[in-house]
Amino acid sequence: MAEGVCKTEEDEGPSAEEESPSFHGTGVCKWFNVRMGFGFLSMTSRDGVALDEPVDVFVHQSKLHMDGFRSLKEGEAVEFTFKKSSKGLESQRVTGPGGIHCVGSERRPKGKKVQKRRSKGDRCYNCGGLDHHAKECKLPPQPKRCHFCQSIDHMVASCPVKAQQSSPASQGKLSPSTADEGEHSQSAPPPESSE
């Protein structure tokens, strides 16, 4: 029977550490990352007794007593309850002096904008408009067009305007029509220069 009592006491030991007692502290915000939502408090007194050196206490935004966006301003005076954990000292509830709401930082994290910024070449595949995509287009489905010259007679793969602009003489590159011919021949002789 004595062994059963000892086992019960041993079983309660770790849970007693997990439920460590809370302490009361006062101090200031050492630093707070508004984007990540956490920081550290610099505790200057514990349970009404001034400390010789400030002690760091972890703070998470979920523990802050305030409305709206929760954050702390560097150097802001705070009161808090905290406990010891396996990671160190962690705050449980953080308020301003006398239990008022925390002031918080003026800074806000840079969030996603309501409308995504589109690149210059991004346009609607249906009508060609720059201010929307095809899924948002208010026009009925339009005939397919060449992406290079906007003609409805052909597609970009067989565009004569693009072929003319990318001819070997103008840029030194093979056009789509000459590239197809080049695949069937062994090797094409280089163009002769008139120099």
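Our structure's up above, just so we're on the same page.
Here is a short report on the structure shown in this document. (Residues numbered from 1 in each chain as written. Predicted model: local features only at pLDDT ≥ 70, side-chain atom pairs only at ≥ 80, totals over all residues. Heavy atoms only, no water.)

## Observations concerning the overall build of the protein chain
Applied cut-off: Here a helix means four or more residues in a row that DSSP labels H or I, a strand means two or more in a row labelled E, and each is numbered from the N terminus. Whether a residue is buried, partly exposed or exposed follows from its accessible area with a 1.4 Å probe, protein chains only, as a fraction of its type maximum: under 20%, in between, or over 50%, in that order. In these tables, accessible area is a Shrake-Rupley quantity obtained with a 1.4 Å probe, and a residue counts as shielded only by the protein chains included in the view.
When helices and strands are counted, the protein chain shows four helices and five strands. Seen in sequence order, the protein chain has helices and strands lined up from the N terminus as α-β-β-β-β-β-α-α-α. Per-residue burial over the protein chain gives 22% buried out of 195 residues. Total accessible area computed for the protein chain in this model is approximately 15,100 Å², and 53% of it derives from carbon and sulfur atoms.

## Some remarks on the pattern of salt bridges
Our working rule: A pairing counts as a salt bridge when a side-chain nitrogen of Lys or Arg comes within 4 Å of a carboxyl oxygen of Asp or Glu.
Summed over all chains, the structure comprises two salt bridges. Between Lys30 and Asp56 there is a salt bridge; the shortest N-O distance is 3.0 Å. Taken as a pair, Lys30 in strand β1 (residues 23-33) and Asp56 in strand β3 (residues 49-60) lie far apart in primary sequence, 26 residues in all. Given the relative accessible area of 35%, Asp56 is considered partly exposed. Lys73 serves as the salt-bridge partner of Glu106, at 3.1 Å between the closest nitrogen and oxygen. Taken together, the positions of Glu106 in the loop between β5 (88-95) and α2 (160-165) and Lys73 in the loop between β3 and β4 (77-85) put the pair 33 residues apart, joining distant regions of the chain. Residue classification places Lys73 among the partly exposed residues on the basis of a relative accessible area of 37%.

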